[in-house]
Structures are given as structure tokens and as C-alpha cells.
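The chain contents come next:
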Amino acid sequence: MTGNQDRAARAAARLDHIYERLDPMLDKAMDALDESPPKKGDALSVQRYVRGVDLVAKAARSVVALINPPGRGHRSKPEEDDMNDDDRDDSPETLDRLRAELESRLDDLRATIEAKRLDGWTVVRTTAPGREEHAEAA
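Within each chain, residues carry numbers counting from 1 in the order of the written sequence. The predicted origin of the model limits local features to residues at a pLDDT of at least 70 and limits the giving and counting of side-chain atom pairs to 80 or more, whereas totals for whole chains, interfaces and linings rest on all residues. With hydrogens and water set aside, each side-chain value is computed from the structure's full complement of heavy atoms.

Bringing the overall build of the protein into the picture now. Secondary structure elements are taken from DSSP: a helix is a run of H or I of four residues or more, a strand is a run of E of two residues or more, and numbering for both begins at the N terminus. When helices and strands are counted, the protein shows 3 helices and 2 strands. Secondary structure of the protein in N-to-C order comes out as α-α-α-β-β. Here's how the labels work: a residue is buried when its accessible area is under 20% of the maximum for its type, exposed when over 50%, partly exposed in between, all with a 1.4 Å probe on protein chains only. Counting only residues that meet the buried cut, the protein has 10% of its 138 residues in that class. By definition, residues are in contact when any of their heavy atoms lie within 4.5 Å. Partitioning the contacts of the protein with sequence separation of at least 6, the portion at a separation of at least 24 is 33%. The accessible surface values rely on the Shrake-Rupley method and a 1.4 Å probe; as for residues, cover is taken only from the protein chains in view. With the model as given, the accessible surface of the protein reaches about 12100 Å², and the carbon-plus-sulfur share is 54%.

Written as C-alpha cells, this is what we have:
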């Protein structure tokens, strides 16, 4: 068990080190973009600039992924969920309005499904997770 913890700690330290080296590189890339704005009226210059912005944005997302890779959990402390800060309006009027809106949307969906069925579409009904039953239109 200790071996796994040691490996995990080394991997986390390595990711931290990589992040610390890549972060200033992103700053340099953004500075380079700032120093070479696109030339007005030059479509190729604008295209190169936009491509550079896109590449820096993708690189930034990759570097940020080092902070919180899948399976590693959050590095920053999550804020406590305060149950007392419930801002929902659970009044009967609001619930009635939401219920009416939901029923209206469901009626629209039912009408759309029926119209597609009448047009000869195949309607798929899910009976259980992972099992589907096909109902052919008549």
C-alpha cells in the first residue's frame, strides 16, 4: 500500500513540476500573440493570428488539465456546501408554474413523436436500461 502512495506522490510532484515549467511558456506564447497583431485587411495575417490564439487556448486547456487530471480529485479545497443557502423558491405558485411548463413540454414531445410515427418513422421505446424495444410504425 505504501508503494502505491509513494508512486502517487511522485506522480503528483512530477505533474506539479511540469505545470510550473509550462505555465510561464503559456505566458510567453500569449505575449508573442500580443506583439504580433493581425494586419488590417490581410486575411492571411488574421488567419495566422486566429490559429495562434486557438493553439494557445488548446495548450492552456492541456496545462490546466495537469492541475486536475481525471482520478486525481480537486487540488483546491472545495467550498463547503452550505445547506442554509437555499435560494430556491418552493412556493406553491412556482411549483404549479413549473409543473404546467413541464406538462406543456411533454405534450409537445408526445405530439412530435406521434407526428413522426404517422410519417413512417420508427419509434424506439426504452423499457429498461440497456434494453430497447423497437415499435415499427404501421
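Now that the structure has been shown, the text picks up again.
Now for a nonpolar patch on the surface. Residues Ile 18, Leu 22 and Met 25 make up a contiguous nonpolar surface patch of roughly 220 Å² in combined accessible area. By relative accessible area, which is 44% here, Met 25 ends up partly exposed. Surface patches are drawn from residues lacking salt bridges whose relative accessible area is over 30%; two like charges belong together within 9 Å, two nonpolar side chains (Val, Leu, Ile, Met, Phe, Trp, Tyr) within 5 Å. Put simply, a salt bridge is a Lys or Arg side-chain nitrogen that is within 4 Å of an Asp or Glu carboxyl oxygen.

Turning to helix α2 (residues 43–67), a few remarks are in order. Take the residue count of a helix, subtract one, and multiply by 1.5 Å to get its expected span. The end-to-end C-alpha distance of α2 is 37 Å, a good match for the 36 Å that 25 residues give at a rise of 1.5 Å each. Taken as a whole, α2 has its buried residues at Ser 45, Gly 52, Val 56, Val 63 and Leu 66. Next to the buried residues of α2 lie α1 (2–35).

Looking now at the confidence of the model for the protein. Per-residue pLDDT for the protein has a mean of 78; in total, 75% of the residues score no lower than 70. The least confident element of the protein is strand β2 (residues 131–135), whose mean pLDDT is 52; the most confident is α2, at 88. Contacts of residues 74–78 to residues separated by more than four positions or lying in other chains number 3 contacts, the stretch itself having pLDDT below 50. Confidence scores labelled pLDDT are given residue by residue by the predictor and lie between 0 and 100.

Counted at 1.5 Å a residue, the expected span for helix α3 (residues 92–118) with its 27 residues is 39 Å, and the 38 Å between its end C-alpha atoms agrees. Taken from the residues just after α3, Gly 120 is the one with a positive phi, measuring 95°.

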